[in-house]
Amino acid sequence: MHKRLSSRHLRFAMLPAAAAVALALAACGGGGGSGPGGVSLSGAAIDAPMPGASVTITSGAPLADGGSVIGTATANAQGSFTLSVTLPSGSVPIFANAAAVGRSAGSTPLELTSYLGQSDVLASIGTLSTINLPDLDVSPVSTAALAVYAQTHGGSYATLGPATYASTIATYRNDILAIAAAVKAVGDNYCTPQISVSSTTDLASQIAAGATLSSAASPSTALATAAAVLGGSCAQLPALQVAILADPDFAPELDLGDVIDANVQSVVPGTYQLQALVAETPVNWDVNTGSGSVASTGTPNPAEVVMDPSVSIDASGKVTSSDGNVSGTLVGNLLTLDLKDGAGHSYLVRAKIASLPTNLSSQQAYVIQGGGVNTGSQLLASFAAALAPAAAAPAWNGFSQASSDDGGARCTTGQYALRFDLDGLSAGGHSDSVGGLAACVTPSTSGWSMNLASFNNISGDDGHGYTFSMPAVSTLTQGAGTPSSTVVWSEATGPAAPFILEAPAINLTVTGGAMSSPTTYSGNAYYVMGTHAIVVSTSGGGNVVLNMQDNSLTTVSESSHFQGGGDGSQQGDH
């Protein structure tokens with residue numbers, strides 16, 4: 001994917017306890033800075049690392065939209081940069097912008113942008129890095145998020161703030177993923193836009209403008225539009241989506257808004273159970289991004305449930321477990337873990353943590369979403385988990401849905417409509433572009449019954465004269481022989497993890513679009529409460545990811561436990 005873990009390994013290594021304490025104090029308003037109204041910023045320009053990139057900090061708007069320049073820097077050979085800036089008074093949105101140098105003649109200029117937060121809160125914190133502000137990684141994900149924000153707010157940043165940015169991430173998560181994959185495909189010279197664009201930021205904006213973005217009334221066409229804009233033959237696009245979802249840099253930027261939390265403690269110190277789902281991809285983090293394709297350098301292990309019965313988080317953010325299998329640090333809502341499973345695998349994980357709503361758990365519990373890498377095979381892996389007191393019981397019927405009709409997913413009264421985008425299949429060591437799934441769920445306290453809902457294939461024109469057609473899941477069954485049309489989900493038992501549902505032996509058949517014939521994927525499915533994805537560990541090898549559109553089940557909060565924060569606290573719910 002990109003060569004960062006070796007050259008910038010400290011980004012993902014466990015912080016010493018003293019460093020964790022210092023960063024926790026900085027997140028609470030201490031730790032100094034670059035002077036009154038100023039901050040110290042340390043980040044990176046990453047598509048792959050962008051050596052020598054020109055970095056510009058702006059206020060009011062991104063650089064391409066006329067933002068006021070307040071600081072500049074040149075990235076080093078790894079794309080990293082450090083600078084101090086004096087911020088404007090008041091609450092003004094601040095942005096980081098990065099432009100690559102040395103691009104080959106004729107290639108699309110690689111320009112990226114990122115929203116960092118509001119000037120008054122950033123100034124109160126003083127010292128910021130990717131350890132406590134993930135979007136200081138100026139990336140395709142942060143670029144895509146701002147493109148979608150601008151498209152849905154009339155091109156204005158006047159109302160941009162942590163809450164509106166978090167809402168954009170939540171509502172349009174899958175749109176952002178598709179656009180980010182297109183930006184990376186062009187940035188890595190895999191594919192060429194078939195429309196006139198001035199830069200990759202312009203590419204993101206044009207895809208957002210040409211697509212039908214996610215809504216309760218209609219499914220998203222962002223992936224199809226991105227594919228069409230890239231000529232309909234960008235073979236790497238699905239694999240890049242799979243990789244972004246599992247990448248320890250990019251995945252945290254897809255959750256919870258990713259601006260710094262000031263004066264907030266995201267987890268009550270104590271001892272919890274960690275109930276995790278790890279799903280490896282075939283994508284190796286060290287893929288040479290200058291090559292002509294995204295290589296599948298290994299066969300992913302089947303998705304697995306990992307349960308640690310005693311994980312402690314102290315007031316400084318230090319994470320430990322009694323068996324030594326889990327260690328790490330928590331700074332604001334950004335969690336870095338070193339995780340060992342029971343099969344001899346070790347993972348380095350970077351993720352965001354949020355509070356589950358009280359209607360979903362008998363005691364305060366938390367949901368974790370992010371990505372990581374198998375430190376042995378070097379394969380990227382998506383990571384989803386619940387952190388819950390040992391006595392906590394989930395309520396799988398605790399979520400509500402405003403309507404049984406969601407974007408074309410039509411269900412009967414008493415059922416809840418869930419929509420999924422199948423952004424990329426990693427089954428069998430390769431990736432395929434697929435479309436959508438609509439499902440009707442009948443919940444109980446300890447599980448679900450799920451049936452396929454009606455869902456039309458997406459087709460049309462991207463607004464630039466390029467047509468698209470996306471396939472959809474045509475059958476959803478459970479069992480072999482004469483399978484049942486009702487898929488039964490129950491709480492995971494091996495190991496016991498009640499905040500994870502499992503559905504053994506499900507079958508997904510995908511038809512339509514560019515697929516020449518129906519394709520069926522079979523295996524065991526898993527879902528972690530409050531997260532955005534169902535994972536199917538296929539019998540043919542590999543893991544299929546089904547990304548859920550935002551709904552009340554995925555509405556989690558990153559702002560439940562304050563330490564005196566007022567209106568200036570930078571956090572948002574979704």
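In case you missed it, the structure is sitting above this.
Presented here is an overview of the structure given in this document. Please read these numbers as outputs of a predicted model, since none were measured by experiment. (Residues numbered from 1 in each chain as written. Predicted model: local features only at pLDDT ≥ 70, side-chain atom pairs only at ≥ 80, totals over all residues. Heavy atoms only, no water.)

### Re the overall build of the chain
Okay, step 1: When helices and strands are tallied, the chain shows eight helices and 29 strands.
Okay, step 2: Sorting the 574 residues of the chain into buried and exposed places 60% on the buried side. (Helix = DSSP H or I, 4+ residues; strand = E, 2+ residues; numbered from the N terminus. Buried < 20%, exposed > 50% of the residue type's maximum accessible area, 1.4 Å probe, protein only.)

### Some details on the pairing of strand β26 (residues 496-511)
Okay, step 1: Sheet topology places strand β24 (residues 472-478) next to β26; six bridges connect them, and they run antiparallel. Each residue of the ladder has a partner; that of Thr-475, found in β26, is Thr-509.
Okay, step 2: Here strand β25 (residues 487-493) runs beside β26; their pairing, made up of four bridges, is antiparallel. When the sheet's bridge partners are listed, Ser-490 is paired in β26 with Glu-502.
Okay, step 3: Between β25 and β26, which follow one another and run antiparallel, lie two residues.
Okay, step 4: By the bridge criterion, nine bridges tie β26 to strand β27 (residues 519-528) in an arrangement that is antiparallel. The partner of Asn-507 across the bridge, within β27, is Ser-522. (Pairing = 2+ DSSP bridges.)

### What about the packing of aromatic side chains?
Okay, step 1: Tallying each qualifying case throughout the model produces nine aromatic pairs.
Okay, step 2: A ring pair is formed by Phe-95 and Tyr-115, whose centres lie 5.8 Å apart and whose planes are at 50°; its orientation type is tilted. Of this pair, Phe-95 sits in strand β5 (residues 93-99) while Tyr-115 sits in strand β6 (residues 111-118), and the two are 20 residues apart along the sequence. No difference in accessibility class separates Phe-95 from Tyr-115, as the two residues are buried. (Phe/Tyr/Trp six-rings, centres within 6.5 Å; stacked < 30°, edge-to-face > 60°.)

### Quick look at the sheet that holds β5
Paired through backbone hydrogen bonds, the strands of a sheet run either parallel or antiparallel to each other.
Okay, step 1: Taken in spatial order, the four strands of this open sheet run β3-β2-β5-β6, and their pairing is antiparallel. Every other strand in the sheet has two partners, leaving β3 (68-74) and β6 as the edge strands with one partner each. Across this sheet, the average inter-strand angle for adjacent strands is 20°, counted without regard to direction.
Okay, step 2: Taken together, the six bridges between strand β2 (residues 54-59) and β3 define a ladder with antiparallel strand orientation. Following the sheet pairing, Ser-54 is matched in β3 by Thr-74. (Axes fitted to C-alpha atoms, helices over the stretch in contact; angles between N-to-C directions.)

### A short note on the state of the cysteines
Okay, step 1: Per the counting criterion, the structure on display carries two disulfides.
Okay, step 2: Each sulfur of the disulfide joining Cys-191 and Cys-234 lies 2.0 Å from the other. An S-S torsion of about 80° defines the bridge between Cys-191 and Cys-234 as right-handed. Remark: Cys-234 occurs in the loop between α7 (222-229) and α8 (237-246) and Cys-191 occurs in the loop between α5 (173-187) and α6 (200-210); sequence separation between them is 43 residues.
Okay, step 3: You can call Cys-191 buried: its relative accessible area is 10%.
Okay, step 4: Of the residues examined, Cys-234 reaches a relative accessible area of 9% and is grouped as buried.
Okay, step 5: The disulfide partner of Cys-411 is Cys-440, and the gap between their sulfur atoms is 2.0 Å. (Disulfide = S-S within 2.5 Å.)

### Examining unusual backbone geometry
Of all residues except glycine, most have a negative phi; of all peptide bonds, most are trans.
Okay, step 1: With an omega of 0°, the peptide bond running from Gly-494 to Pro-495 counts as cis.
Okay, step 2: Residue Asn-189 is not a glycine yet carries a positive backbone phi of 65°.
Okay, step 3: Among the structural elements, Asn-189 can be located in the loop between α5 and α6.
Okay, step 4: Positive phi, close to 70°, is recorded for Gln-378, a residue that is not glycine.
Okay, step 5: You can see Gln-378 is positioned in the loop between β15 (366-374) and β16 (379-388).
Okay, step 6: Looking at Gln-378, the relative accessible area reads 22%, which means it is partly exposed.

### Digging into the pattern of salt bridges
Okay, step 1: Per the stated rule, a full pass over the model turns up three salt bridges.
Okay, step 2: Between Lys-184 and Asp-188 there is a salt bridge; the shortest N-O distance is 2.7 Å. Across the pair, Asp-188 and Lys-184 agree in class, each one buried.
Okay, step 3: One continuous salt-bridge network, built from bridges that share partners, spans Asp-47, Lys-184 and Asp-188. (Salt bridge = Lys/Arg side-chain N within 4 Å of Asp/Glu carboxyl O.)

### Remarks on the sheet that holds strand β9 (residues 270-284)
Okay, step 1: Around the barrel, which closes on itself, the eight strands sit in the order β9-β10-β11-β12-β13-β14-β15-β16 with antiparallel pairing between neighbours. Neighbour-to-neighbour, the strand axes of this sheet turn through a mean angle of 30°, independent of strand direction.
Okay, step 2: Those strands touched by α8 are β9, β15 and β16, and its axis lies near 45° from that of β16. (Contact = heavy atoms within 4.5 Å.)

### Considerations on the environment of Asn-333
Okay, step 1: For Asn-333, the position within the fold is in the loop between β12 (326-331) and β13 (334-340).
Okay, step 2: Spatially, the C-alpha atoms of Asn-333 and Ala-354 are 7.0 Å apart, while their sequence positions differ by 21 residues.
Okay, step 3: Side-chain polar atoms of Asn-333 contact the backbone oxygen of Ile-353, separated by 2.7 Å. (Polar contact = N/O pair within 3.5 Å; in protein donor to acceptor, adjacent residues only side chain to side chain.)

### Let's talk about the side chain of Glu-304
Okay, step 1: Within the secondary structure, Glu-304 sits in strand β10 (residues 304-313).
Okay, step 2: Buried and unpaired, Glu-304 has no salt bridge, with Lys-340 as the nearest side chain of opposite charge at 13 Å.
Okay, step 3: For Glu-304, the residues in contact, after removing those within four places along its chain, are Ala-276, Leu-277, Val-278, Asp-341, His-345 and Tyr-347. (Lys, Arg positive; Asp, Glu negative; His and termini not counted.)

### Concerning the environment of Ala-98
Okay, step 1: Inspection of the secondary structure assignment puts Ala-98 in strand β5.
Okay, step 2: Taking the C-alpha atoms as reference, Ala-98 lies 4.5 Å from Val-55; in sequence the two are 43 residues apart.
Okay, step 3: Those residues within four positions of Ala-98 in sequence are excluded, and the remaining contacts are Ala-45, Met-50, Ser-54, Val-55, Leu-110, Glu-111, Leu-112 and Val-138.

### So, the pairing of β12
Okay, step 1: Buried residues dominate β12, accounting for five of its six residues.
Okay, step 2: Pairing geometry for strand β11 (residues 318-321) and β12, over three bridges, is antiparallel. Opposite Thr-320, over in β12, you have Ser-327 as the bridge partner.
Okay, step 3: Bridge analysis of β12 against β13 gives six bridges, and the strand direction is antiparallel. By the bridge assignment, Ser-327 is partnered in β13 with Asp-338.
Okay, step 4: A loop of two residues connects β12 with β13, the two strands running antiparallel in sequence, and Gly-332 in this loop sits at a positive phi of about 60°.

### Focus: the nonpolar core
Okay, step 1: Leu-41 and Ile-176 are the most contacted members of the largest nonpolar core, which has 78 residues in total.
Okay, step 2: For this core, the element with the most residues is α5, which contributes 10 residues.
Okay, step 3: Those residues in contact with Ile-176 that lie beyond four places of it in its chain are Val-141, Ala-144, Ala-145, Val-148, Thr-168, Ile-169 and Leu-254.
Okay, step 4: With 48 residues, the next largest nonpolar core counts Leu-277, Ala-279, Ala-439 and Val-536 among its residues. (Core = buried A, V, L, I, M, F, W, Y, C linked by side-chain atoms within 4.5 Å.)

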